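Each chain, letter by letter, is given below.
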Amino acid sequence: MDMFGIKAPLYVKRNGKLFLGRLAGYCRYAQEGLKWEVTEIGVVDRPSVTAVFSTTVYECMHAKMASRVYNNQINMVEKLNRMDHEGMVDLAAFASLKKNFGYEESSKRIPSYFDHIVDVHLKLSSHDAFKEKHISETGATLANAIYSGNDRFLSSVADHLSNAERPSFDRSIDVIEKAARKASENRLRKDPEKFEQTGMGKFVEMLKSGLISNDQALNSPQYRVLASILVFEILEEEEEELRIPF
């Protein structure tokens, strides 16, 4: 919290704060005079150190960016929809997780807003500052901008996201099946011996048969989750193959 310059208290579940529903964390604001201020951040105290780290960084990133938006330091309110806002913050938190714990840990996790992460990363691929960047590099660039309060840069990102179309995402069926099997086992915790019986396995068969394309699936309420996990896995695999430092 001190690193982010946030003075609000941080609560975890075991110190007496109640959490509603199945929230992993939250960030609350209140208007104090003419300004909006972060009043508290809460994170569920879970056994996984990486999960607690990721949620804490995510909520702190939220606090840093949202407070600037609400106080009109960044002209985003009319430009940035909630999905892109969540995608930017979650991608920044994911990059921080990977930087601190490595691919071995990041490859086992599904960020809360992985579908928004995929949309943000792909749409930003046509922004001058993000061209040819891999997914963690995109996240690290966003994290640095949010952490440092680079309002001009964040406003340019908001402008771009509000106007950009998500580009087509196409890979060979071999790449798709390999990534799908890995995501199913590591991220979704499914038995690899029963891959064909899983939702991901059946989705891959649909892609193979041409019943649906990955782009169509990303726009489909029924298949968006599976398609986004698959694209996320491929993007991280491609980065890991090159061992991109960020």
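Since this is a predicted model, take the numbers as computed values, not measurements.

Criteria and thresholds
- Residues numbered from 1 in each chain as written.
- Predicted model: local features only at pLDDT ≥ 70, side-chain atom pairs only at ≥ 80, totals over all residues.
- Heavy atoms only, no water.
- Phe/Tyr/Trp six-rings, centres within 6.5 Å; stacked < 30°, edge-to-face > 60°.
- Helix = DSSP H or I, 4+ residues; strand = E, 2+ residues; numbered from the N terminus.
- Buried < 20%, exposed > 50% of the residue type's maximum accessible area, 1.4 Å probe, protein only.
- Lys NZ or Arg CZ within 6 Å of the ring centre and 35° of its normal.
- Contact = heavy atoms within 4.5 Å.
- Axes fitted to C-alpha atoms, helices over the stretch in contact; angles between N-to-C directions.
- Parallel < 35°, antiparallel > 145°, perpendicular 65-115°, else oblique.
- Expected span 1.5 Å × (residues − 1).
- Core = buried A, V, L, I, M, F, W, Y, C linked by side-chain atoms within 4.5 Å.

Quick notes on the packing of aromatic side chains
Point 1. Within this structure, the stated rule accounts for five aromatic pairs.
Point 2. Relative to tyrosine 113, the ring of tyrosine 58 lies with its centre 6.2 Å away and its plane at 25°, an arrangement referred to as stacked. Of this pair, tyrosine 58 sits in helix α1 (residues 49–70) while tyrosine 113 sits in the loop between α3 (103–106) and α4 (114–124), and the two are 55 residues apart along the sequence.
Point 3. Where phenylalanine 203 meets tyrosine 223, the ring centres are 5.9 Å apart and the plane angle is 20°; that geometry is what we call stacked. Of the two residues, phenylalanine 203 sits in helix α8 (residues 199–209) while tyrosine 223 sits in the loop between α9 (214–218) and α10 (224–242), which places them 20 residues apart along the sequence.
Point 4. Owing to a relative accessible area of 1%, phenylalanine 203 belongs among the buried residues under this scheme.
Point 5. Tyrosine 223 gets classed as buried once you look at its relative accessible area, which sits at 18%.
Point 6. Positioned above the aromatic ring of phenylalanine 169 is the side chain of arginine 171, whose terminal nitrogen or guanidinium carbon lies 4.1 Å from the ring centre.

What about the environment of alanine 183?
Point 1. Along the polypeptide, alanine 183 turns up in helix α7 (residues 173–186).
Point 2. C-alpha separation for the pair alanine 183 and leucine 230, spaced 47 residues apart in sequence, amounts to 6.9 Å.
Point 3. Once residues within four sequence positions are removed from consideration, alanine 183 is found in contact with Leu188, Ile229 and Glu233.

Details of unusual backbone geometry
Point 1. If you check the backbone angles, glutamate 132 has positive phi at about 65° while not being a glycine.
Point 2. If you check the backbone angles, arginine 189 has positive phi at about 60° while not being a glycine.
Point 3. Along the chain, arginine 189 turns up in the loop between α7 and α8.
Point 4. The class of arginine 189 is exposed, set by a relative accessible area of 56%.

What to know about the side chain of aspartate 119
Point 1. Among the structural elements, aspartate 119 can be located in helix α4.
Point 2. With a relative accessible area of 13%, aspartate 119 lands in the buried category.
Point 3. Ignoring any residue separated from it by four or fewer positions in sequence, one finds aspartate 119 in contact with Arg166 and Arg224.

Observations regarding the packing of α4 against helix α6 (residues 151–163)
Point 1. Two numbers describe how α4 lies on α6: the axes approach to 10 Å, and their chain directions differ by 100°. What the angle tells us is that α4 and α6 run roughly perpendicular. Residue-level inspection shows Val120, Lys123 and Leu124 of α4 in contact with α6, the latter providing Val157, His160 and Leu161.

Digging into α10
Point 1. Between its first and last C-alpha, α10 extends 27 Å over 19 residues, near the 27 Å set by a 1.5 Å rise per residue.
Point 2. Most of α10 sits out of view: 15 of its 19 residues are buried.

Quick word on the nonpolar core
Point 1. By size, the foremost hydrophobic cluster in this structure holds 50 residues, and its most contacted members are Met88, Leu142, Val157, Phe203 and Leu230.
Point 2. Considering each element in turn, this core owes the most residues, eight residues, to α10.
Point 3. Excluding residues that lie within four positions of it along the chain, methionine 88 makes contacts with Met65, Leu80, Val120, Leu142, Leu154, Val157 and Leu161.

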